[in-house]
Amino acid sequence: MRLDRVIAVRNNKTIYRDGDRVIKVFCAGYPKADVFNEAHNHACIEESGINVPKLLEVGMIDGKWAIVTEYIKGKTLYQLMQENPTKKLEYVELLVDVQMGVHEKQCPKLNKLKDKIDYKIKDCDLDATVRYNLHSRLEEQPKNMRVCHGDFNPSNVIIAENGTPYILDWSHASQGNVVADVVKTYLLFLLDEDFSGAKGYIDLVCKKSKIQLKEIQSWLPLVAASQSIKCNEKARKFLLSKVNALDFE
């Protein structure tokens, strides 16, 4: 394998292109269980019929774990938004359409989203009373076992040259209530300080799906608390501020 063409650098991983393959190399010491969980998620999603690059291999390169997938020639929605700012809302609508397609699928082999959120709330930096209230609210949410990406944003959707969208990075995938997945995407827009994108996204979700604004409001503190665990201080303060938010912004 040739590792001389870097196409992206993420936390704890570097992504390379080698011809018609993409090689995601994790940093030394990255948990083996997390690598195989990501590969398992990807394989399950591929079998569900969602458009993803084909999983080709899991192995080690110079003592580091790596996941190899096929290379999809195209541009991410984020790149298209940067190159064509006047078409941003059009690309946000495409993002919503692709996400809604994901949410139609079921994949029983994935971990349960509710369990992941519940576990993270236990560890977040909030007092016991607030955590108890969050756990109680989580139990009250409607059960809905659909595929949730867990990190659905414009950088993780690549549009192939023939116009077909492919979805990348399934490390956070789970099955559960899709409203939580929508809230996560909304928060990612806000954390990127893309407020117009956040508003456009939520407006389109409510217009094009059966999801209501009150459902998003109900899930907002739950998802914000769960996402406050592993992030920088600025993001953590912002997310925790949403936990006690009474009104949707």
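These lines cover the structure that appears in this document, whether it is placed above or below. Just so it is clear, the model here is predicted, and its values are computed rather than measured.

## A closer look at the overall build of the protein
Tallying secondary structure elements over the protein gives 9 helices and 10 strands in all. Relative to the globule expectation of 18 Å for 249 residues, the C-alpha radius of gyration of the protein, 18 Å, shows essentially globular dimensions. The proportion of buried residues among the 249 residues of the protein is 46%. A separation threshold of at least 6 residues defines the contact pool for the protein, and within that pool the share at least 24 residues apart is 65%. Carbon and sulfur atoms provide 48% of the accessible area of the protein, an area that totals close to 13300 Å². Side-chain charges of the protein comprise 36 positive and 34 negative groups, with the mean position of each set lying 1 Å from the other.

## Remarks on the pairing of strand β8 (residues 157-160)
Here β8 shows two buried faces, one formed by Val157 and Ile159 and the other by Ile158 and Ala160. Note that strand β6 (residues 74-76) and β8 share 3 bridges and pair antiparallel. Residue pairing in the sheet places lysine 75 in a bridge with isoleucine 159 of β8. Taken together, the 3 bridges between β8 and strand β9 (residues 165-167) define a ladder with antiparallel strand orientation. The residue bridging isoleucine 159 from the neighbouring strand is proline 165, located in β9. In sequence, β8 turns back onto β9 through a hairpin of 4 residues, with glycine 163 there showing a positive phi of about 95°.

## Examining helix α1 (residues 32-48)
With 17 residues, α1 ought to run about 24 Å at 1.5 Å a step, and its terminal C-alpha atoms sit 24 Å apart, in line with that. Looking at α1, one finds that the buried residues are Val35, Glu38, Ala39, Asn41, His42, Cys44, Ile45 and Ser48. Positive backbone phi, approximately 100°, marks glycine 49, located one or two places after α1.

## Some thoughts on the pairing of strand β4 (residues 55-61)
Relative to strand β5 (residues 64-70), β4 runs antiparallel, the two being bridged by 6 bridges. For glutamate 57, the partnering residue across the bridge sits in β5 and is valine 68. What sits between β4 and β5 in their antiparallel hairpin is a turn of 2 residues, with aspartate 62 showing a positive phi close to 50°.

## A short note on the environment of lysine 230
Tracing the sequence through the fold places lysine 230 in the loop between α8 (213-227) and α9 (233-243). Separated by 89 residues in sequence, lysine 230 and glutamine 141 have C-alpha atoms that sit 24 Å apart.

Rules used throughout
Residues numbered from 1 in each chain as written. Predicted model: local features only at pLDDT ≥ 70, side-chain atom pairs only at ≥ 80, totals over all residues. Heavy atoms only, no water. Helix = DSSP H or I, 4+ residues; strand = E, 2+ residues; numbered from the N terminus. Rg over C-alpha atoms; globule rule 2.2 N^0.38 Å. Buried < 20%, exposed > 50% of the residue type's maximum accessible area, 1.4 Å probe, protein only. Contact = heavy atoms within 4.5 Å. Areas by Shrake-Rupley, 256 points an atom, 1.4 Å probe, with all protein chains shown as cover. Lys, Arg positive; Asp, Glu negative; His and termini not counted. Charge placed at Lys NZ, Arg CZ, Asp CG, Glu CD. Pairing = 2+ DSSP bridges. Expected span 1.5 Å × (residues − 1).

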